[in-house]
Amino acid sequence: MALPKRIQKETERLMAEPVPGISAIPHEDNLRYFDVEIHGPSSSPYEGGVFKLELFLPDDYPMTPPKIRFLTKIFHPNVDKLGRICLDVLKNNWSPALQIRTILLSIQALLGAPNPDDPLAADVAKSWKEDEKAAIATAKQWTQQYAVPK
Amino acid sequence: MDFAELDGPPSKRRRFFSGAEAQEDGATQQMPLAAIPPTSSPHTTPRCTSANAPPQPNGRPGAVDLGTNPVSTAFDQATFESFVGEAVSSDIISILRDHCGNNVERAINLYLDGTWRTLKRKAPPAVKIRPNLKTTTQGNRINPKASSRAPTTFHSMPESRYIGVFGAEGWATRSGSDLLKHSDIVKIERQKIQPPKTKVQSRLGAAVRRNDVIVRFTDRTGREIGRLAKETADWVSTLIDQKICKFEGVCVYAPERLRTNDTVVLQLRCSLLRSCFFGRDFQVADNRDAGLFNQGESIEEKNLRQRQVALVKLFQEINLVPTRANSAAAKHRRQELLQAAEMDDKKDKEKPVVQSRAQDNPASSPNSDENEDGQELEQDQLDALYKKAQSFDFNTPEAEPADTFAMTLRPYQKQSLYWMMAKEKDQRNKEREESMHPLWEEYTWPLKDYDDKDLPQVADQPVFYINPYSGDLSLEFPRQEQHCLGGILADEMGLGKTIQMLSLIHTHRSDVSIQARQAGAHQVASVNQLPRLPTVSGTSIALNAPCTTLVVAPMSLLAQWQSEAEKASKESTLKSMVYYGTEKSADLLTLCSQANAANAPDLIITSYGVVLSEFNQIAAKGGNRASTRGLFSLNFFRVILDEAHNIKNRQAKTSRACYEIAAEHRWALTGTPIVNKLEDLFSLVRFLRVEPWNNFSFWRTFITLPFESKDFVRALDVVQTVLEPLVMRRTKDMKTPDGLPLVPLPPKHIEIVDIELSRAERDVYEYVFTRAKRTFTANVEAGTVMKAFTSIFAQILRLRQSCCHPVLVRHLNANVDDEEAAAAADAAAGLADDMDLQSLIERFTATTDDAADSNAFGAHVLNQIRDEASNECPICAEEPIIDQTVTGCWHSACKKCLLDYIQYQTDKNELPRCFQCREPINSRDLFEVVRHDNDLDNGKSDDGPRITLQRLGVNNSSAKIVTLIKQLRELRQERPTIKSVVFSQFTSFLSFIEPALARANMHFVRLDGSMSQKARAAVLEEFKESKGFTVLLLSLKAGGVGLNLTMAKRVFMMDPWWSFAIEAQAIDRVHRMGQEDEVKVYRFIAKDSVEERMLRIQDRKKFIASSLGMMSDEEKRVQRIEDIRELLS
């Protein structure tokens, strides 16, 4: 199936005008499959980390949202240990007017503002709620351990 | 004048044959030849014993009798006896033989009226020479070589020459005894005298009032004895007045005691005067050219008519029939001629005042087409005429254009170049046999006179010619030729008339022009080398402009002519100038004169308006051509009238102005030499100065009047004769002998557009389909298919309609272009009562009040929406948005994206929400944005194009209509002035398309079978003239044949017909000769429907015989049942 115009255009734009701290590069053999890197936002526990994600655009994109998950281990209440992300715009609040770029920005924002009230990883959320400082420290440590390029 | 004395009793005469009255009664001297016209002497015929016998053409003795049909039966005793019914003694026979001139008719008359008794065996004639000093000096010197036109050779024809004799009645104006007796010679005189005071005054008085026609006869002393009866005098007077004939009378019978008003029987002997053969040309020429500024019926023209009538009557009376004439029998023609003349007379009486005013005041004539006379041609007559006129000979040689001509000519254009060169150089087609002019008739001069004596002859002049239509006489063979060094190029539009003329301008230059070119700037030519036209106006002579071609064209085409001329010419090989407006100040007289040959423009382009205004100026100055130093001061090398039908009204001033343009070669270009009247053609002929047709009364007599009296065939035949040598006409439909079109057609692409029926449409379709199938199957099982044919067929029809628009199914009186329409309507009534179907269709008819909506939106909203259109669609990223559609919260996306998204959400049982603001979307609150950027009414908005919102679903009623509008929109974006034709076989479907087009603000016109011919013509004219994007809605039946729609470039076939041949024919209305662009055809076919299956049927058969009318109704039905079986499978 030919690549829809929308995907072409999004890809081109991601290349031409990359968002600071975010990169998304399609696979040559599957243009619907993107390797994504998101820099952890400054003054967040994830600062300094570069998180790898995989992003896949299903056939009925943009009717359905892209499928996206963290590849890099991350300690975040809205990301489970398989890397799945709990984000409304990736679920019910998806709209075809949203794009890869906006979704990735949302994820970047999510890193800066974890929402333990709507958790995906229940254990992480619990520790976040009970001892936020310890949780942030863990997050920082995980970032150092898994996300900082060596 | 002297006459032979004749005495003897008058014999009672009865006419058994008209020729018999030539019999002479003067028997007492046994020398019946005594009384003869005293006009010439008989030097060339020794047998002729009379001094006064006129010369005679040749020496075939006895072959032709006077005044009788030359082919009448020769005398033979058996025939004679069987005719008179008794044996006749040999004495009598021999007397008759001597006196009958070998003519059995005469012999019978002689016998039966007893004249033979007074005759005896012919004795050697007593020579009794009475020299006639007046005429013999000239009458006998014959110079066969001399042209009769040259004044120096007048004597080749005697002063007068006998042509025949006839009987006439007169009445005495005098009483007395022995005033007149048998065989007395009387003089026939035309002299105005006081109306006689007799009891017949009233009868004569009437004649006098109208016209003085009195012809009196006098005895030798000049004493008036009586007058000719009016019916004879009417025309005899004309012949005498106009110096055509002279008459001599011999008294055949007069009462011994003559009393006033007694009837006198005379024999009139008629001789044609030499003068009637000459001088006539000048007279006619004067007549024709007389009026630079004065036209209309004149006294001359009236004289002409009288002369014509008189001559015809004379020939009838003396029973001289043509030895050669074209086609129709002479007698028949004569009657018509007389009728024609009488019709004219009547008209004269009806409106003499009007006519005279028109004569007196040329300025009152209209400039335009008002007050045209003449009857309009019916279309089929016009077709027939054109068909005849355009029998183009593809074997015409080709001519190569001069090397200064920069364009390439097609073969047919080279052929016309050859033809035009030949016309200009007057190279007659040598192969063509010299044929007699169709209007002329040939007559043999009588060999014998009324007394059966040989007449003197004139060598090389055995015959003379008369044109009974004009009254012209000639001694020369009237060859059919046209002196006009030009013609009419009447190719249909699009065949390159302009280019052909330009090639002629390049290829045929005048000698002066060629010399001037060779010699550079030096002046070479001398005036004497130039052919000159005769003076056109009496007042002044136009100066030769030997290098210049004048083009007169409508103002709008001036620039086009100039640019074409430049394109067609290699650099600096053709100097052209537009003579119009400010440039008019140029002094043409000097510029184009021969002295300036090297620098004279080759081409001057001007408008009809300029011609007219200069004409008026000259008219105001009394016709002094040189006074303006403009167009009329010159005698151009060539004049070309473009769109020459501009001068179709011969009375319009523009036409008259054009007639007066002086030029050596005259051409008229027009695709329609006859717009709707034969008179249209006259004006062209008049402009071209084609003799003799440029004489209007001539034209009238011969063409208009026969035509008006319903003798179409003849009138058109003559027109053809006029046109044939004069007109070159090719049509776009013509094929070369190899079957190739003259101009190859541009390509044509046919594309099938699959139409996806909407869910709701499909519901209706399925419903109708199931019903139809059930009916069909039931009937098949019951074996009643043929009986139920109408009903089944109607259901199929409904099925096909449901592919177009579901509501059509319910239309009770659907106006269907189908032979089964009536039946269909009946069956449809059954469908209409069906409640289920009703509810299905209801969805399509729910009314929406969207008109109010679109005005309720705030302007800023609209502006915002309008600006958003150029963005990309947020869903599919198309840029700009396709079919921009907005939600109730004013967010834009492509229509398809939006609908798909709503559908997607609905399928997931979610409430549809806006893709932008996530507001719930009410699917009734979707609006399509209608842009008016290409509309005709645009132009007032300065802040971008106007838009309106259209509630979605309103024209969504039919997938075909939606697709059509969508395609037309795209088309309009791409080609803002293109024209399209939309065909459907259902006129009711056209009625649904109309409002959709109106909503999309597309200009459309409609043509269907319910319209009158006039209304159709108006529609086509509007479609043709429209300058912008225009759609023609056309019913397949009404528009399938004949129409020329080459102005359209796109064809939409909304529904398939059983046979593609019919559709192809419709497509060919657009894709035919004259089409200059690629034609795209879109066939709308509903997917997964009977329409697709119909396509398969079309493919299988390629054509159905039924559509060609080769099958009976029954066979058609069987055929259709088969089709239906397949459709419902």
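Residues numbered from 1 in each chain as written. Chains lettered and ligands numbered in written order. Predicted model: local features only at pLDDT ≥ 70, side-chain atom pairs only at ≥ 80, totals over all residues.

Undergrad: Quick question: what am I supposed to make of the overall build of chain B here?
TA: Scanning chain B from terminus to terminus reveals 37 helices and 28 strands. Burial statistics for chain B: of 1129 residues in total, 46% are counted as buried. For chain B, the share of sequence-separated contacts (at least 6 apart) that also reach a separation of at least 24 residues comes to 75%. (Helix = DSSP H or I, 4+ residues; strand = E, 2+ residues; numbered from the N terminus. Buried ≥ 20, exposed ≤ 12 C-beta atoms within 10 Å, placed from the backbone. Contact = placed C-beta atoms within 7 Å.)

Undergrad: Would you mind showing me how to read the sheet that holds strand β1 (residues 22-26) of chain A here?
TA: Backbone hydrogen bonds hold the strands of a sheet together, and the pairing may be parallel or antiparallel. Residue and element names in this part refer to chain A. Within the open sheet, the four strands sit side by side as β1-β2-β3-β4. Their pairing is antiparallel. The outermost strands of the open sheet, each flanked by one partner alone, are β1 and β4 (67-70). Neighbour to neighbour, the strand axes of the sheet diverge by 20 degrees on average, direction disregarded. Two elements, β1 and strand β2 (residues 33-39), share five bridges in a ladder whose sense is antiparallel. (Pairing = 2+ DSSP bridges. Axes fitted to C-alpha atoms, helices over the stretch in contact; angles between N-to-C directions.)

Undergrad: Explain unusual backbone geometry here, please?
TA: Phi is mostly negative for residues that are not glycine, and the peptide bonds are mostly trans. With an omega dihedral of 10 degrees, the bond running from Y61 of chain A to P62 of chain A counts as a cis peptide bond. Even without glycine at this site, E643 of chain B takes up a positive phi of about 50 degrees. Not every positive phi belongs to a glycine, and R918 of chain B is a case in point at roughly 60 degrees. Examined against the element boundaries, R918 of chain B turns out to sit in the loop between α30 (895-907) and β22 (927-931). Using a count of 13 C-beta atoms within 10 Å as the deciding quantity, one classes R918 of chain B as partly exposed.

Undergrad: Is there a simple way to think about the confidence of the model for chain B in this case?
TA: Should pLDDT be low for a region, the predicted coordinates there are not to be read in detail. Residue and element names in this part refer to chain B. Looking at chain B as a whole, its pLDDT mean stands at 70, while 61% of the residues score no less than 70. Low confidence marks residues 428-433, where pLDDT is under 50. Its contacts with residues over four positions away, or in another chain, come to zero contacts. Between residues 846-856, whose pLDDT stays under 50, and residues either more than four places distant or in other chains, the model counts 10 contacts. Complex prediction metrics read pTM 0.44 and ipTM 0.87. (pLDDT = per-residue confidence, 0-100.)

Undergrad: For this particular structure, what's the right way to read the sheet that holds strand β28 (residues 1079-1086) of chain B?
TA: Residue and element names in this part refer to chain B. The parallel open sheet is built from six strands, whose spatial order is β19-β28-β27-β24-β26-β25. The sheet is open, and its two borders are formed by β19 (748-755) and β25 (1003-1007), each paired with just one other strand. Pairwise comparison of adjacent strand axes, ignoring direction, gives a mean angle of 20 degrees for this sheet. For β25 and strand β26 (residues 1030-1035), the ladder comprises five bridges, and the chain directions are parallel. In the sheet register, V1005 faces β26, and the bridge partner there is L1032. Along the sheet face, helix α33 (residues 1013-1025) touches β24 (979-984), β25 and β26 and points at about 150 degrees away from the line of β25.

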